[in-house]
Amino acid sequence: MCCFLVPMVQAIATTACRKHYETAVNDSASPVLLRHLPGLEKMLWGGTVMLIVDHVINGELMFSFPFFSALAQEGGAMTMLREMLTVGLPMSIVLTAVWALAVILKHRPVRA
């Protein structure tokens, strides 16, 4: 129904953070995770677009008011909130953790 809202908000925040630290993203002396912020941003925006398309195809997202099919029912707002907390939030946390782990493993020192 609306699980894509959580990664979309995270993508907006990541974009704002990247724009704020634009010089640090391009600086080789900046922290490793900050330099790879554009990768996380692309993953979040791509996932958000894919989820929106999926929700439109399944009829959960409409182009007319109330936009979310759940809001047309009694108690739909609680259903949407529950989905955002149980699906959207874990999805965003796992995506960010996998990105951070990949960046850390890519830049770990090689032992001889």
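Residues numbered from 1 in each chain as written. Predicted model: local features only at pLDDT ≥ 70, side-chain atom pairs only at ≥ 80, totals over all residues. Heavy atoms only, no water.

(A) Local environment of the packing of helix H1 (residues 5-20) against helix H5 (residues 76-106). Where H1 contacts H5, the two axes come as close as 8 Å, and the packing angle between them is 45°. Accordingly, the angle class assigned to the pair H1 and H5 is oblique. On H5, the residues that touch Leu5, Val6, Pro7 and Gln10 of H1 are Met84, Gly88, Leu89, Met91, Ser92 and Thr96. (Axes fitted to C-alpha atoms, helices over the stretch in contact; angles between N-to-C directions. Helix = DSSP H or I, 4+ residues; strand = E, 2+ residues; numbered from the N terminus. Parallel < 35°, antiparallel > 145°, perpendicular 65-115°, else oblique. Contact = heavy atoms within 4.5 Å.)

(B) View of the side chain of Ser92. Mapped onto the elements of the fold, Ser92 is located in helix H5. Once residues lying within four places of it in the same chain are set aside, the contact partners of Ser92 are Val6, Pro7 and Gln10.

(C) Geometry of the nonpolar core. By size, the foremost hydrophobic cluster in this structure holds nine residues: Cys2, Cys3, Phe4, Leu5, Leu51, Leu61, Phe68, Ala70 and Met80. In this structure Phe4 touches Thr48, Leu51, Ile52, His55, Leu61 and Phe68, once residues within four positions along its chain are discounted. Leu37, Leu40, Ala100 and Val103 belong to the second-largest nonpolar core, a separate cluster that totals eight residues. (Core = buried A, V, L, I, M, F, W, Y, C linked by side-chain atoms within 4.5 Å. Buried < 20%, exposed > 50% of the residue type's maximum accessible area, 1.4 Å probe, protein only.)

(D) View of the pattern of salt bridges. One pass over the full model with this rule turns up two salt bridges. In this structure, Glu22 engages Arg18 in a salt bridge whose closest nitrogen and oxygen atoms are separated by 3.3 Å. Classification of Arg18 as buried rests on a relative accessible area of 14%. Between Glu41 and Arg18 there is a salt bridge, and its shortest N-O distance comes to 2.4 Å. Here the residue Glu41 occupies a position in helix H4 (residues 37-57), and Arg18 occupies one in helix H1, the gap between them amounting to 23 residues. Residue class for Glu41 comes out buried when judged on its relative accessible area of 9%. (Salt bridge = Lys/Arg side-chain N within 4 Å of Asp/Glu carboxyl O.)

(E) Region of the structure containing unusual backbone geometry. Not every positive phi belongs to a glycine, and Phe67 is a case in point at roughly 70°. Looking at the secondary structure, you find Phe67 in the loop between H4 and H5. Exposure remark for Phe67: the relative accessible area of 40% places this residue in the partly exposed category.

(F) Quick peek at the packing of aromatic side chains. The full count for this structure, using the stated rule, is two aromatic pairs. Each ring, one from Phe65 and one from Phe67, has its centre 6.1 Å from the other, and the planes form 85°; the classification is edge-to-face. (Phe/Tyr/Trp six-rings, centres within 6.5 Å; stacked < 30°, edge-to-face > 60°.)

(G) Representation of a nonpolar patch on the surface in the model. Together, Met78, Leu81, Leu85, Leu89 and Ile93 give the surface a local cluster of nonpolar side chains, amounting to about 470 Å² of exposed area. Its place among the elements puts Leu89 in helix H5. (Patch = residues over 30% accessible without salt bridge, like charges linked within 9 Å, V, L, I, M, F, W, Y side chains within 5 Å. Areas by Shrake-Rupley, 256 points an atom, 1.4 Å probe, with all protein chains shown as cover.)

(H) Quick peek at H5. For H5, with 31 residues, the first-to-last C-alpha span of 43 Å sits near the 45 Å given by 1.5 Å per residue. In the structure, H5 departs most strongly from a straight axis at Met84, where the bend amounts to approximately 35°. Of all the positions in H5, only Gly76, Met80, Glu83, Gly88, Ser92, Trp99, Ala100 and Val103 are classed as buried. Where the residues of H5 are buried, they touch H1, helix H3 (32-35) and H4. (Expected span 1.5 Å × (residues − 1). Bend = angle between axes of the 7 residues up to and from the residue.)

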